[in-house]
Amino acid sequence: MDPEDAHNLALRLLGLAEQVPGALTLLERLSAVRDDRLVVETMGLRFPNPVGLAAGLDKNGIAPRAFSALGFGAVEIGTVTPRSQPGNPRPRIFRLPEHGALINRMGFPSRGASSARARLQHVTGHMPGGGVLGVNLGKNATTPLEAAADDYVTVLDALHDRADYAVVNVSSPNTKGLRDLQERRALEELLRRVVRRRDGLSRHGRRLPLLVKVAPDLDEAGLSAALEAALAAGVDGIVATNTTLSRDGVSGAGAAEVGGLSGAPLRHRATDVVHFLVREAAGRLPIVGAGGIMRPEHALEKLDAGATLVQIYTGLIYSGPALLGQICAALLSRRPTR
Ligand SMILES: Cc1cc2nc3c(=O)[nH]c(=O)nc-3n(C[C@H](O)[C@H](O)[C@H](O)COP(=O)(O)O)c2cc1C
């Protein structure tokens, strides 16, 4: 089956489960691992466990409650762009099974911010097991880079009261010029603007945590610059990392596809980035680790590198939701019983 069709089918089925009375309770019973020892409190939020669904699988908020019932501690929907856009022509997701990897050049297909707002209407505050709802913000392909901040602010305005946290995505490789926004001055300016807007939004006295998501292809100077920009602007956390343009360690026909590589070949690089950012941030910001978590020990590796939370996408495609329970079990096996 075409990978995108497979993802969409799984998403539709989970979306249907949200409509069927009792189905989420059943999912929760079958799949979720609930234990207070897994709880992580950070950025003013309470995550029932540290394992989140990374952005890109549920771009339009079709099934966040079902993912929460499966046992994810957080579900990050998006990337959501202000206006609806189709993304790149298909095919645009490619499996590299021999490498445990995917290459994608989706280019932010999105039904737009008002559609996401409508979809999330019955989600906010109703995530099974107390799962945290994140929204990943992006820009439309046709918006010039100079006006990118307006796009992020537009999506934030539309979704701030529907989400528990938001992520400024400046690191997807499939929107022309987007990653240039990671440069020190451009990033600080952009983040200051979004933070200022966030600070002005009324959320009954609560502040929406705002994170920025970075690419694994930044070198140490680039990562330091992005961290400095995030700290100067007053951002609450960093998601590390998005997909990579590198093809190190992959070969064969699929490897030549244009797009961002995720999964096993990204793992070491993403962990190195987490390590570096944790060291440089020195406790000033939490780091959310993503990239190549295919087995429970890979999640532990990110957490041991200092990540406060982790996210998975490609591992879920190859291993299914059982991976989530296995990660939680591995975490519990390290915790003393209460
Ligand atoms: C098909 C696909 C689509 C993605 N779309 C997005 C996206 O829209 N926004 C985003 O911030 N990251 C997106 N990502 C990146 C993931 O959120 C994650 O950062 C990356 O894949 C590394 O994690 P993994 O190795 O567990 O997949 C996408 C990844 C894949 C495989």
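Scroll up to find the structure this text is about.
Residues numbered from 1 in each chain as written. Predicted model: local features only at pLDDT ≥ 70, side-chain atom pairs only at ≥ 80, totals over all residues.

**Overview of the environment of Val278**
No. 1: Residue placement: Val278 occurs in helix H8 (residues 267-281).
No. 2: Taking the number of C-beta atoms within 10 Å as the measure of exposure, Val278 has 20 and is therefore buried.
No. 3: Along the primary structure Val278 and Ala305 are separated by 27 residues, whereas in three dimensions their C-alpha atoms are 7.6 Å apart. (Helix = DSSP H or I, 4+ residues; strand = E, 2+ residues; numbered from the N terminus. Buried ≥ 20, exposed ≤ 12 C-beta atoms within 10 Å, placed from the backbone.)

**A closer look at the site of the ligand**
No. 1: Of all residues adjacent to the ligand, which total 28 residues, the nearest are Ala54, Gly56, Ser262, Tyr313 and Thr314.
No. 2: Looking at the shell around the ligand residue by residue, the class counts come to eleven nonpolar, 15 polar and two charged. (Near = placed C-beta within 6 Å. Nonpolar A, V, L, I, M, F, W, Y, C, P; charged D, E, K, R; others polar.)

**A few points about the pairing of strand S11 (residues 260-263)**
Regular strands place their side chains on alternate faces of the sheet.
No. 1: Alternating residues of S11 divide into Gly260 and Ser262 and Leu261 and Gly263, and every residue in both groups is buried.
No. 2: For strand S6 (residues 101-104) and S11, the ladder comprises four bridges, and the chain directions are antiparallel. Its bridge partner being in S11, Leu102 is matched across the sheet by Ser262. (Pairing = 2+ DSSP bridges.)

**Overview of the pairing of strand S9 (residues 210-214)**
No. 1: The buried fraction of S9 is high, at five of five residues.
No. 2: Side chains Leu210, Val212 and Val214 project from S9 onto one buried face, and the interleaved Leu211 and Lys213 project onto a second face that is buried too.
No. 3: Bridge count between strand S8 (residues 165-169) and S9: four bridges; the pairing is parallel. In the sheet register, Val168 faces S9, and the bridge partner there is Val212.
No. 4: Each parallel crossover has a hand, and for S8 linked through helix H6 (residues 184-200) to S9 it is right-handed.
No. 5: One ladder, built from four bridges, connects S9 with strand S10 (residues 237-240); its direction is parallel. Looking at S10, one finds that Val214 is bridged to Ala240.
No. 6: Read from S9 through helix H7 (residues 220-233) to S10, the crossover connection turns out right-handed. (Right-handed = clockwise from strand over helix to strand, strands pointing away.)

**Some remarks on the sheet that holds strand S3 (residues 51-53)**
Strand pairing in a sheet relies on backbone hydrogen bonds, with the paired strands running either antiparallel or parallel.
No. 1: Reading around the barrel, the eight strands line up as S3-S4-S7-S8-S9-S10-S12-S13 and close back on themselves, with parallel pairing between neighbours. When the angles between neighbouring strand axes are averaged without regard to direction, this sheet yields 25°. (Axes fitted to C-alpha atoms, helices over the stretch in contact; angles between N-to-C directions.)

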